[in-house]
Amino acid sequence: QIEEVDTLSSAIREISLGVNGHYIGGTSTVTLGRLLDSVIKGQDASGRTSRRDSEGSEEMRTEFSAAESPSSTALAEMMGPMFVSDKTSKRLFDGYCKNIATRFPVLHTPRIKELHEHRDRIDNSFDEAILHLVYATSGRFLELTGESDDNFYSDQHHEAAVAHMNEILGFGDTRSVVYLILLGVYSIRAAKDLGAWTYVGLAMRLCVDIGIHRRTKVQKPSLRREMDKRIFWSCYYLDREISVAMGRPPALSDNDIDAKLPFDIDEAEDDEETILREIG
């Protein structure tokens, strides 16, 4: 217990020292992961529940209790690395595109589709974690809205994604931001408080660190810059939504933001040249 407290204290101290807006130090690539891990463990141990639980939505929870639910590792051994059938994965993919991506377009739909279609052949931790979060956020939404009585193993998909936290946060770029945003989106609908405000606050600070909250001086459009705008404004919206709901201050003042809004383009389009002609 003392070691966990020391880890959290060290993490906060390192972040506080970065007065120039950057995460500094030789261990900064794992600091955020350790900080979040300590926060999550502390919340799990405290037994606090979300506002949704306190209102008594018992029927909205997953059908298994914590003691009965298999771990993500056990499911992967039984069913494969993504532990979803073709039928279930299609429902989760469609649910994400319909209910999550329309509000938080942090991933280009053709990219999500590519990961989904090649889910059994993913060879890197980021893509694996992101697809797990796609399935987790979609499954949780469908469970809570009563659109399905299937078990989507949302908690286990979340668990599998969190296992890659240290590595992904170590990237310190938009991949880390996307990962934190999706963790935040999942957490606001989780059966217990998983730290949505913490996730999104760190995501916003990473946006500042890499500069996507500011208008770029380079005028030539590109798909990457368009996605940067989507990522930032998704983070902005989620930060405001959670902060207002919790009565807490937002992570970034409007006075410090001048990023342009994203263009309205066909989300199904995957040819970059066609996209650039539309926004050029």
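Nothing here was measured: the structure is a model prediction, and the numbers come from that model. (Residues numbered from 1 in each chain as written. Predicted model: local features only at pLDDT ≥ 70, side-chain atom pairs only at ≥ 80, totals over all residues. Heavy atoms only, no water.)

## A look at the overall build of the protein
Moving on, step 1. Counting its secondary structure elements, the protein contains 13 helices and 0 strands.
Moving on, step 2. Mapped from its N terminus to its C terminus, the protein presents α and β elements in the order α-α-α-α-α-α-α-α-α-α-α-α-α.
Moving on, step 3. Burial statistics for the protein: of 280 residues in total, 45% are counted as buried.
Moving on, step 4. For the protein, contacts bridging at least 24 residues in sequence account for 73% of all contacts bridging at least 6.
Moving on, step 5. Total accessible area computed for the protein in this model is approximately 14,700 Å², and 51% of it derives from carbon and sulfur atoms. (Helix = DSSP H or I, 4+ residues; strand = E, 2+ residues; numbered from the N terminus. Buried < 20%, exposed > 50% of the residue type's maximum accessible area, 1.4 Å probe, protein only. Contact = heavy atoms within 4.5 Å. Areas by Shrake-Rupley, 256 points an atom, 1.4 Å probe, with all protein chains shown as cover.)

## Details of the pattern of salt bridges
Moving on, step 1. Using the criterion set out here, one finds 12 salt bridges in the structure.
Moving on, step 2. One salt bridge in this structure joins R111 and D127, with 2.8 Å as the shortest N-O distance. Taken together, the positions of R111 in helix 6 (residues 109-117) and D127 in helix 7 (residues 125-144) put the pair 16 residues apart, joining distant regions of the chain.
Moving on, step 3. A relative accessible area of 31% means that R111 is categorised as partly exposed.
Moving on, step 4. Residue R240 pairs with D254 through a salt bridge whose shortest N-O separation is 2.8 Å. In this pair, R240 is assigned in helix 12 (residues 223-246) and D254 in the loop between helix 12 and helix 13 (272-279), connecting sequence segments 14 residues apart.
Moving on, step 5. Given the relative accessible area of 46%, D254 is considered partly exposed.
Moving on, step 6. Here the residues in one salt-bridge network are R111, E114 and D127, joined through shared partners. (Salt bridge = Lys/Arg side-chain N within 4 Å of Asp/Glu carboxyl O.)

## Some details on the packing of helix 5 (residues 86-100) against helix 6
Any two packed helices are characterised by the angle at which their axes cross and by the distance between the axes.
Moving on, step 1. Look at helix 5 against helix 6: their axes get within 11 Å of each other, and the N-to-C directions meet at 170°. One way to sum up the angle between helix 5 and helix 6 is to call them roughly antiparallel. Where helix 5 approaches helix 6, its residues S89, K90, F93, Y96 and C97 are matched on the opposing element by T109, I112, K113 and H116.
Moving on, step 2. Within the contact of helix 5 with helix 6, the residues separate by chemical class into 4 nonpolar, 3 polar and 2 charged. (Axes fitted to C-alpha atoms, helices over the stretch in contact; angles between N-to-C directions. Parallel < 35°, antiparallel > 145°, perpendicular 65-115°, else oblique. Nonpolar A, V, L, I, M, F, W, Y, C, P; charged D, E, K, R; others polar.)

## Observations regarding the nonpolar core
Moving on, step 1. Ranked by internal contacts, the top residues of the largest apolar core, which has 52 residues, are Y96, L107, I130, Y179, I181 and F232.
Moving on, step 2. Discounting residues that sit within four places of it in the chain, L107 has contacts with Y96, I112, I130, V134, V178, L182, M227 and E267. (Core = buried A, V, L, I, M, F, W, Y, C linked by side-chain atoms within 4.5 Å.)

## A short note on the packing of aromatic side chains
Moving on, step 1. By the definition in use, this model includes 5 aromatic pairs.
Moving on, step 2. For the pair F104 and Y237, a centre-to-centre distance of 5.8 Å together with 50° between the ring planes defines the contact as tilted. Highlighted residues: F104 in the loop between helix 5 and helix 6 and Y237 in helix 12, separated in sequence by 133 residues.
Moving on, step 3. Residue classification places F104 among the buried residues on the basis of a relative accessible area of 1%.
Moving on, step 4. Look at F126 and F171: their rings are 6.5 Å apart centre to centre, the planes differ by 70°, and that puts the pair in the edge-to-face class. On the criterion of sequence distance, the pair formed by F126 in helix 7 and F171 in the loop between helix 9 (165-169) and helix 10 (174-187) is long-range, its members being 45 residues apart.
Moving on, step 5. We classify F126 as buried; its relative accessible area is 14%.
Moving on, step 6. Judged by its relative accessible area of 28%, F171 is partly exposed.
Moving on, step 7. The side chain of R175 reaches across the aromatic face of F171, ending 3.8 Å from its centre.
Moving on, step 8. We note R248 situated over the ring of W197; from NZ or CZ to the ring centre the distance is 4.6 Å. (Phe/Tyr/Trp six-rings, centres within 6.5 Å; stacked < 30°, edge-to-face > 60°. Lys NZ or Arg CZ within 6 Å of the ring centre and 35° of its normal.)

## Re the environment of L202
Moving on, step 1. Topologically, L202 is positioned in helix 11 (residues 196-210).
Moving on, step 2. Overall, the relative accessible area of 8% leaves L202 in the buried class.
Moving on, step 3. Separated by 22 residues in the primary sequence, L202 and L180 place their C-alpha atoms 7.6 Å from one another.

## Notes on the environment of Y153
Moving on, step 1. Turning to its location among the elements, Y153 is positioned in the loop between helix 7 and helix 8 (154-162).
Moving on, step 2. For Y153, a relative accessible area of 18% corresponds to the buried category.
Moving on, step 3. Y153 sits 81 residues away from S72 along the chain, and the two C-alpha atoms are 8.5 Å apart.

## Side note on the packing of helix 5 against helix 7
Moving on, step 1. Contact geometry of helix 5 with helix 7 gives a least axis separation of 8 Å together with a crossing angle of 80°. With respect to each other, helix 5 and helix 7 are oriented roughly perpendicular. Counting all contacts with helix 5, which are made through S89, R91, L92, F93, G95, Y96, N99 and I100, the residues of helix 7 involved are V134, Y135, T137, S138, G139, F141 and L142.
Moving on, step 2. Taken together, the residues of the contact of helix 5 with helix 7 break down into 8 nonpolar, 6 polar and 1 charged.

Shape descriptors only; they carry no functional weight alone.
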